[in-house]
Amino acid sequence: MKYLTLITTIEIILSCNYICYALGNHNDGCEHIFKSGEQDMKFEPKDRRVDRSIQEEQAVFEVIDLRSDTVTRPSKEMRGAIASAVVGDDGYGEDPSVNQLESEVANLFGKQAAVFMPSGTMANQAAILAQTSPGDILLAVKDAHIVTRERESTEKLSRVQIVELGHDGLFTESDLELFLQDTDSHNQKPSLIVIENTHNFAGGIVFPFEYIEQISASARKHHIKLHLDGARLFNAAVATGISVAQWARHFDTVMFCLSKGLGAPVGSMVVGDKETIDHIRKFRTLLGGRMRQAGILAAAGLVALRTNVQKLSIDHSNAERLAHGLIALGYQVQPFPKTNIVNFTIQETYSLSFVENLRKHGVLVKLYNTNQIRAVTHLDINEAQINRVLEIIKTAKYL
Ligand SMILES: Cc1ncc(COP(=O)(O)O)c(C=O)c1O
């Protein structure tokens, strides 16, 4: 009888494992069962998880989620800061935690002012609204997020005409000058240039600093404003040793996300001169982004900024480790990662089954362009997990 009960328990555990993966949904009920039955199947980032109690509660069968660096969960320290945050009504400018975050960020970036925004998309859109007029040309680096993911927002809200420049996430001052010569004859100058650094869809590449210096000199000469979509600017700063203030000096406005590699649950910021930031605040209200006791989010943002910037270098070395491993297995990794994004190629016929097979083994990646896989390292990923992913890919033998 005892044996029968044991066998039945094992069967339940195994079938729940199967059902969870078949549904792609690791819900609480399943996780609790894994807690008692599948200890050998957890792959936890031991070096960086300080808040084991929370994580134990949340995810015992650990999924290795490489879809994006947005998937991180707030640390124990962040949750503590959220719980004890001093708050007020930010709509009246009276939230002490938001005010503290905005002032720290403005200082860090060497700009007059900063504004806390609910998302990177809203932050970009408000910055574009504040620095363009309907009918203007907006020049953006090829495949920028504002082109690939925000085109409709940008075109509908700001009613600008978007023109893409360059390739592989970059353009040069000569690309800009050539474009300006051409448009000059039609009396149509761009009013805003948007650069993305690091560039999400170009494999997290860092825009070379000297290109930025030259482009910004040229933009100023032609009275064109420059906005930086720096959702992952801290990755660029850590990878190059060039501070965010040095990058920011060449831009009128800079947006960055607290909710990506820095590990905060919500929030992005825009920095710039006081007049422009006031203008952006008005557009934030217009877009419905004025928040109230947002200090609970700002408190997490402050922890992210004060504790997580240097940890980005671990993400970069994990990305490098993954890339080396993939190359050793015969995959084409393009470009070789300098930050936390690894793009690799898979034969088109196998691409869907490759993603599905990894998912069944508890590894999540993203498929794009039919034969490109994107894997992003972040705060909740450690070296052992990268080794595990490589082991799974090796066994699957898809090329
Ligand atoms: C480069 C870049 N800019 C902007 C965004 C938008 O940020 P959010 O998801 O907070 O709207 C993203 C999101 O992935 C991004 O990668």
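In the block above lies the structure referred to throughout.
Residues numbered from 1 in each chain as written. Predicted model: local features only at pLDDT ≥ 70, side-chain atom pairs only at ≥ 80, totals over all residues.

S.K.: Honestly, the overall build of the protein in this entry has me stumped. Any pointers?
M.R.: Helix and strand content of the protein: 17 helices and 13 strands. Burial analysis of the protein (399 residues in total) assigns 45% to the buried set. (Helix = DSSP H or I, 4+ residues; strand = E, 2+ residues; numbered from the N terminus. Buried ≥ 20, exposed ≤ 12 C-beta atoms within 10 Å, placed from the backbone.)

S.K.: Looking at this model, I keep getting lost on the site of the ligand. Mind explaining?
M.R.: Near the ligand, the surroundings consist of Ser119, Gly120, Thr121, Asn124, His145, Glu196, Asn200, Asp229, Ala231, Cys257, Ser259 and Ser268. Considered class by class, the residues forming the shell around the ligand number two nonpolar, eight polar and two charged. (Near = placed C-beta within 6 Å. Nonpolar A, V, L, I, M, F, W, Y, C, P; charged D, E, K, R; others polar.)

S.K.: Honestly, helix α5 (residues 96–109) in this entry has me stumped. Any pointers?
M.R.: With 14 residues, α5 should cover 20 Å at 1.5 Å per step; its first-to-last C-alpha distance of 20 Å lies within 8% of that length. Taken residue by residue, α5 has Ser97, Val98, Leu101, Glu102, Val105 and Phe109 as its buried positions. Around the axis of α5, the buried residues are gathered within 135° of arc, so they sit on the same side. What points out from α5, more than 90 degrees from its buried face, is the exposed set Ser103 and Asn107. On its buried face, α5 sits against β2 (113–117), α12 (244–248), β7 (253–257), β8 (268–272) and α14 (295–307). Gly110, located one to two residues past α5, shows a positive phi value of around 65°. (Expected span 1.5 Å × (residues − 1). Arc of directions from axis to C-beta. Contact = placed C-beta atoms within 7 Å.)

S.K.: Help me understand the environment of Phe207 in this model?
M.R.: Its location among the elements puts Phe207 in the loop between β5 (190–196) and α10 (209–221). Along the chain, Phe207 and Ile195 lie twelve residues apart, while their C-alpha atoms are 8.4 Å from each other. In contact with Phe207, not counting residues within four places along its chain, are Leu170, Ile195, Asn197 and Ile212.

S.K.: Looking at this structure, how should I read the nonpolar core?
M.R.: As a rule of thumb, nonpolar side chains are buried together in soluble globular proteins. Core analysis: the largest hydrophobic core is formed by 80 residues, its most contacted members being Ala126, Val254, Met269 and Val270. Sort the elements by how many residues they give to this core and α14 lands first, with eight residues. With 22 residues, the next largest nonpolar core counts Ala319, Leu326, Val342 and Val376 among its residues. (Core = buried A, V, L, I, M, F, W, Y, C linked by C-beta atoms within 7 Å.)

S.K.: Help me understand the packing of helix α6 (residues 120–131) against helix α8 (residues 151–158), please; the structure alone is not making it clear to me.
M.R.: Pairs of packed helices are described in terms of their axes, by the angle between the two and the distance that separates them. Axis separation between α6 and α8 bottoms out at 10 Å; the angle between their running directions is 35°. Viewed along their axes, α6 and α8 form a crossing whose handedness is right-handed. Listed contacts from α8 to Thr121, Gln125, Ile128 and Leu129 of α6 are Ser153, Thr154, Leu157 and Ser158. Split into classes, the residues belonging to the contact of α6 with α8 amount to three nonpolar, five polar and no charged. (Axes fitted to C-alpha atoms, helices over the stretch in contact; angles between N-to-C directions. Left-handed = near helix turned anticlockwise from the far one by under 90°.)

S.K.: Whenever I open this one, helix α13 (residues 274–286) confuses me. Can you help?
M.R.: With 13 residues, α13 should reach 18 Å at 1.5 Å per residue; the first-to-last C-alpha distance of 18 Å fits that figure. Elements in contact with the buried residues of α13: β2, α6, β7 and β8. Positive backbone phi, at 85°, marks Gly288, one or two positions downstream of α13.

S.K.: Is there a simple way to think about unusual backbone geometry in this case?
M.R.: For residues other than glycine, phi is negative in most cases, and the peptide bonds are mostly trans. Following Asn197, the chain continues to Thr198 via a peptide bond in cis, the omega torsion being 0°. Mapped onto the elements, Thr198 comes out in the loop between β5 and α10. Although it is not a glycine, Arg159 adopts a positive phi angle of roughly 50°. Tracing the sequence through the fold places Arg159 in the loop between α8 and β4 (161–165). Since 13 C-beta atoms lie within 10 Å of it, Arg159 is described here as partly exposed. Backbone geometry places Thr370, a non-glycine residue, at a positive phi of 60°. Here Thr370 shows up in the loop between β12 (366–368) and β13 (372–376). Note on Thr370: 10 C-beta atoms within 10 Å, which makes it exposed.

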